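# Remarks on the overall topology
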There are 2 protein chains.
Amino acid sequence: MNKPISQMSRCELIAEMNELTAEYEKIKAAGLSLDMSRGKPCKEQLDLSDSMLSILKSGEDCLSASGEDTRNYGILSGIPEAKKLFADICGVNTENVFVGGNASLQLMYDAVARAELFGTSQGSTPWCKCEKVKFLCPAPGYDRHFAICEAFGIEMIPVEMREDGPDMDTVEKLVSSDESIKGIWCVPKYSNPTGAVYSDETVRRFAALTPAAKDFRVFWDNAYIIHDLYDESPKLLNIFDLTRGTENEDMVYMFTSTSKITHAGAGISAFISSAANIKEALSHITAQTISYDKLNQLRHCKFFGSADGVREHMKKHAAILRPRFEVVLDAFEKELGSREIATWTRPRGGYFISLDITTGSAKRVYELCLDAGVKLTGVGATFPYGKDPKNSNLRIAPSYPPIEELKKAAEVLCLCVKIAAIEAFSA
Amino acid sequence: MNKPISQMSRCELIAEMNELTAEYEKIKAAGLSLDMSRGKPCKEQLDLSDSMLSILKSGEDCLSASGEDTRNYGILSGIPEAKKLFADICGVNTENVFVGGNASLQLMYDAVARAELFGTSQGSTPWCKCEKVKFLCPAPGYDRHFAICEAFGIEMIPVEMREDGPDMDTVEKLVSSDESIKGIWCVPKYSNPTGAVYSDETVRRFAALTPAAKDFRVFWDNAYIIHDLYDESPKLLNIFDLTRGTENEDMVYMFTSTSKITHAGAGISAFISSAANIKEALSHITAQTISYDKLNQLRHCKFFGSADGVREHMKKHAAILRPRFEVVLDAFEKELGSREIATWTRPRGGYFISLDITTGSAKRVYELCLDAGVKLTGVGATFPYGKDPKNSNLRIAPSYPPIEELKKAAEVLCLCVKIAAIEAFSA
């Protein structure tokens, strides 16, 4: 069948449902165990960086560009070459870079924790002393951002996520009128999970926000800053080029990491912001640690040589990931393309495809898939408080499974989407 | 001169002062640049672990004991073999261990931060909501513990540090009577800076404390748990053996790390506590990170093989450190032994010697040394708020300088101690 489900007769629906159900039972009997739930790099991707494992062999290899022994204590903000690597990738100066450990998530959580405990700058009120703290949460979005808000009891206000970024009319209106709104979570390039890239206009409107709260911060999680799937990739404006020297110079906290560049669990991360914000952060971090792991910073710097080295490396990831995305998108096109029961994004980078299906049926599809041995990301995970208001969004993570498994998983998913759609239509 | 300064005649004092001053000017002219300020391992110590750098060579090497790819995301609380390594060293079960990153300081800071933000357990009041939070601080102690208190605005109450641990009468009295006392900092073995080891009685009295505050926590920083200088070393009672199954089961937060075992800036750390406390910590850490660097955990496990492997390794450190301690202690004995102007500790392990000199003269000695090209730890660093009430304590760090430099530095220090003592006596 290839026509829109809404245009099918009752007879046709029953016939197709019988067919789909038979197919589903067959698959269920096959006892699959497939996983499209997690945005994890696959083994082949991890292998790309294995020569980094033993790139430092002796104590002599462990000297930083400035001659310091990276095996020892010290250098709180990161070794100079690691700062430069991130600065070059992000288009900022080294004074704007703090180099962290293996998880940018930790830098984000800690940035919120510092704001809660101490305020965003000298003399500003700690958020934990504010009666109410709210964050805008473009949705669908990244579940771990929302988890940070939940951890701190920060009220989340969902904002519609569109193809060119969040609904900026709403963002501007809320941010400029409500002093309790202290932050917004953004994944400006290849947004998690839609893959959207913020348009130039969106970035300009972000840079020009007029927050009611003086301590309002844009959490600019540039996790996929160079994670293109295709040579021709959309460009993201550098927000710091727009805020530098303006009233909003201190408004943006950017984060990035090499988690999806080298080894997912053993990369290095960066917190990037105005020199004043970095200085303020360091005044607290100096009590928290001596420095993050500088040997791992040096491994990365030696492995890549330069920002161009990182960009070259990303092409190898793209070569592995592209066919994985395409096998899923092809299945969607083939199985769902003409049925008018689903829309999906066609990301040019990042780690996810966002699939929107018949309102009210995402949980049903999740369960059908699970029973057939295909694990999807939990429904609602991409929304604040885990609540997808339409119960219609599924986040598809094509990176991890072997391509043959992925193909099978995508077929099962399409089958379940169709079953749920007919169920919903017939109900 | 070899007699006590207090027994010298005015003539003798003038004669010796002239001699000392001439010697001092000669040294000053030599333009030394020596450093006894920092408890950093020396190059030879760092070299001991260099084979760990390239112990993981390929992806196949990166599988954990349970078969998981440590290069990828996941395993929040640490890989099983790293938990076991710390559990075996510390005499606890793996359920009592959370494995952290390269700095146990971060685990301590974060433990305080969690207590401030969320309280120590479900339903307990976050410390930031308490009108007053106080910590007992055995002094002299570790400056970075005190810095954490300062960072959070926690009031520090100094408690006298003795040869067998803190003055327990005072600790017991304060802890059981003041509900605002929420913690105490302890370095129970080879205490920083005195090198004291808590006696069995002290540990027993800690385990049997009856805190007024139900959320009182003992911060048991076991940084030097196996850092013996001599084969015959003092034993520290395992406090968890004493608290297990009692009302104080959740009272102790222990911390340790391999910072002074492998590479100071690139070790692994552990937070060790009751299963309930570990579970509570994980409920927050799950929002903060995906996991700490598991590749580095695996490197350590492969390098050591077992806790016995770590103990064997520590003997190599002892062989490097012992002569460094002894050259300083010998200089003290020779130059100050009969003068009755100084007392010092003779640690059997750890990283520091504590030198107590004529009341009121520590800052003078610090400055004399500095002018002569010998850098000491800042006076007062070992006391809460950086204030040594007697201005008499100097922390000596013998680990880092080459032994010849150390010998010279110790001589200069002794010279300055004598000058300051005669100045004080003559004043």
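Further up the page is the structure itself.
Residues numbered from 1 in each chain as written. Chains lettered and ligands numbered in written order. Predicted model: local features only at pLDDT ≥ 70, side-chain atom pairs only at ≥ 80, totals over all residues. Heavy atoms only, no water.

### What about the overall build of chain A?
Along its length, chain A carries 13 helices and 13 strands. Taking 427 residues into account, the globule formula puts the C-alpha radius of gyration at 22 Å, and chain A, at 23 Å, falls close to it. C-alpha atoms of chain A, sized along the principal axes, occupy 75 × 55 × 35 Å. The burial tally for chain A puts 62% of its 427 residues in the buried class. Across chain A, the fraction of contacts at a sequence separation of at least 24, relative to all contacts at a separation of at least 6, is 76%. Within the structure as shown, chain A displays about 16,100 Å² of accessible surface, and the carbon and sulfur contribution to it stands at 49%. Averaging the coordinates of the 49 positive side-chain charges in chain A and doing the same for the 58 negative ones gives two points 2 Å apart. (Helix = DSSP H or I, 4+ residues; strand = E, 2+ residues; numbered from the N terminus. Rg over C-alpha atoms; globule rule 2.2 N^0.38 Å. Buried < 20%, exposed > 50% of the residue type's maximum accessible area, 1.4 Å probe, protein only. Contact = heavy atoms within 4.5 Å. Areas by Shrake-Rupley, 256 points an atom, 1.4 Å probe, with all protein chains shown as cover. Lys, Arg positive; Asp, Glu negative; His and termini not counted. Charge placed at Lys NZ, Arg CZ, Asp CG, Glu CD.)

### As for the interface of chain A and chain B
Taken together, the contacts link 56 residues of chain A with 56 residues of chain B. The contact between chain A and chain B buries some 4,600 Å² in all, and 53% of this surface belongs to carbon and sulfur atoms. Taken together, the links from chain A to chain B amount to four salt bridges. Taken together, the links from chain A to chain B amount to 26 residue pairs in polar contact (both at pLDDT 80 or more). Of all elements in the fold, only α2 (43–47), α4 (104–118), α5 (143–151), α9 (275–288) and α10 (294–304) of chain A reach the threshold of two or more residues within the side of chain A that touches chain B. Of the residues forming the side of chain A that touches chain B, the biggest block, eight residues, is contributed by α4 of chain A. Class assignment of the residues belonging to the side of chain A that touches chain B gives a composition of 24 nonpolar, 16 polar and 16 charged. (Buried area = accessible area lost by both parts, 1.4 Å probe. Salt bridge = Lys/Arg side-chain N within 4 Å of Asp/Glu carboxyl O. Polar contact = N/O pair within 3.5 Å; in protein donor to acceptor, adjacent residues only side chain to side chain. Nonpolar A, V, L, I, M, F, W, Y, C, P; charged D, E, K, R; others polar.)

### A short note on the relation of the copies chain A and chain B
When chain A is fitted to chain B, the best match, at an RMSD of 0.0 Å, comes from turning it 180° and sliding it 0.0 Å along the axis. Overall, the copies show the geometry of a two-fold rotation axis. Distance from the rotation axis, computed per C-alpha, reaches its smallest value in chain A at Ser-54 of chain A: 2.1 Å. Most of the interface of chain A is mirrored in chain B, where 100% of its interface residues are also at the interface. (Least-squares fit on C-alpha atoms with pLDDT ≥ 70 in both.)

### Things to note about the sheet that holds strand β10 (residues 342–344) of chain A
Sheet strands associate in pairs through backbone hydrogen bonding, adopting either a parallel or an antiparallel arrangement. Residues and elements named next belong to chain A. Pairing is antiparallel across the open sheet formed by three strands, whose spatial order is β10-β11-β13. Unpaired on one side and paired on the other, β10 and β13 (393–396) mark the two borders of the sheet. Recorded for the sheet is a direction-independent mean angle of 20° between the axes of neighbouring strands. Pairing of strand β11 (residues 353–357) with β13 involves four bridges; the strand directions are antiparallel. Across the sheet, residue Ser-354 finds its bridge partner in β13, namely Arg-395. (Pairing = 2+ DSSP bridges. Axes fitted to C-alpha atoms, helices over the stretch in contact; angles between N-to-C directions.)

### A short note on the pattern of salt bridges
On inspection of all chains with the given rule, the structure shows 55 salt bridges over all chains. With its nearest N and O atoms 2.9 Å apart, the salt bridge here joins Asp-47 of chain A to Lys-43 of chain A. A residue pair is termed a helical-turn pair when its members lie 3 or 4 positions apart in one helix, as Asp-47 of chain A and Lys-43 of chain A do in helix α2 at four residues. Given the relative accessible area of 29%, Asp-47 of chain A is considered partly exposed. By relative accessible area, Lys-43 of chain A is classed as partly exposed at 41%. Among the ionic pairs, Lys-408 of chain B bridges to Glu-411 of chain B, the shortest N-O distance being 3.9 Å. Pair noted here: Lys-408 of chain B and Glu-411 of chain B are both in helix α13 (residues 403–426), with a separation of three residues, about one helical turn. Among the charged side chains, a salt-bridge network with shared partners connects Lys-43, Asp-47 and Asp-50 of chain A together with Asp-69 and Arg-71 of chain B.

### Considerations on the nonpolar core
Grouped together as the largest cluster of nonpolar side chains are 110 residues, with contacts concentrated most on Trp-220 and Leu-413 of chain B. Contact partners of Trp-220 of chain B, with chain neighbours within four places excluded, come to Cys-186, Pro-188, Tyr-198, Val-203, Phe-206, Leu-236, Ile-239, Val-252, Tyr-253, Met-254 and Phe-255 of chain B. Met-156 and Phe-255 of chain A together with Phe-118 and Ile-278 of chain B belong to the second-largest nonpolar core, a separate cluster that totals 72 residues. (Core = buried A, V, L, I, M, F, W, Y, C linked by side-chain atoms within 4.5 Å.)

### As for the pairing of strand β9 (residues 269–272) of chain B
For a regular strand, the rule is simple: side chains alternate between the two faces of the sheet. Residues and elements named next belong to chain B. Residues Ser-269 and Phe-271 of β9 are buried on one face, and the alternating residues Ala-270 and Ile-272, pointing to the opposite face, are buried as well. Of the pairings in the sheet, the one linking strand β2 (residues 97–100) to β9 comprises four bridges and is antiparallel in character. Bridge pairing in β9 places Val-97 opposite Ile-272. When strand β8 (residues 252–257) meets β9, the two strands line up antiparallel, connected through four bridges. Looking across to β9, one finds that Phe-255 is bridged to Phe-271.

### Some remarks on the sheet that holds β2 of chain B
Residues and elements named next belong to chain B. Judged by pairing direction, the sheet is mixed, and its eight strands sit side by side in the order β2-β9-β8-β7-β6-β3-β4-β5 without closing on themselves. In this open sheet, the two edge strands, each paired with only one partner strand, are β2 and β5 (165–166). The sheet contact formed by strand β4 (residues 155–162) and β5 spans two bridges and is antiparallel. Note that in β5 the partner of Met-161 across the bridge is Pro-166.

### Quick notes on helix α10 (residues 294–304) of chain B
Of all the eleven residues making up α10 of chain B, ten are buried; the element is thus mostly covered by neighbouring parts of the structure. Those residues of α10 of chain B not exposed but buried are Lys-294, Leu-295, Asn-296, Gln-297, Leu-298, Arg-299, His-300, Cys-301, Phe-303 and Phe-304 of chain B. Where α10 of chain B is buried, its residues contact α10 of chain A together with α3 (80–90), β2 and α11 (307–336) of chain B. Capping of α10 of chain B at its N-terminal end is provided by Asp-293 of chain B; its side-chain oxygen lies 3.0 Å from the backbone amide nitrogen of Leu-295 of chain B. Once α10 of chain B finishes, Gly-305 of chain B follows within two positions and takes phi at roughly 75°, a positive value.

### A closer look at unusual backbone geometry
A cis geometry characterises the amide bond from Ala-139 of chain A onward to Pro-140 of chain A, with omega recorded as 5°. Tracing the backbone through its elements, the reader meets Pro-140 of chain A in the loop between β3 (134–139) and α5. Put simply, Asn-192 of chain B and Pro-193 of chain B share a cis peptide bond, and its omega is 5°. As for its position among the elements, Pro-193 of chain B is in the loop between β6 (181–186) and α7 (200–207). The backbone of Ile-75 of chain A shows a phi angle near 60°, a positive value even though the residue is not glycine. With respect to the helices and strands, the residue Ile-75 of chain A is situated in the loop between α2 and α3 (80–90). Its identity is not glycine, yet Asn-391 of chain A carries a phi of approximately 50°, on the positive side. Along the chain, the position of Asn-391 of chain A falls in the loop between β12 (374–375) and β13.

### Considering the packing of helix α11 (residues 307–336) of chain A against helix α13 (residues 403–426) of chain A
The angle between the axes and the distance between the axes are what describe a pair of packed helices. All names here are of chain A. Packing of α11 against α13 leaves a shortest axis separation of 9 Å and a crossing angle of 30°. In terms of their interaxial angle, α11 and α13 are classed as roughly parallel. Of the two possible hands of crossing, α11 and α13 adopt the one that is right-handed. Contacts from Pro-323, Arg-324, Val-327, Val-328, Ala-331, Phe-332, Glu-335 and Leu-336 of α11 reach α13 at Ile-403, Leu-406, Lys-407, Ala-410, Leu-413, Cys-414, Val-417 and Lys-418. A class-by-class count of the residues in the contact of α11 with α13 yields twelve nonpolar, no polar and four charged. (Parallel < 35°, antiparallel > 145°, perpendicular 65-115°, else oblique. Left-handed = near helix turned anticlockwise from the far one by under 90°.)

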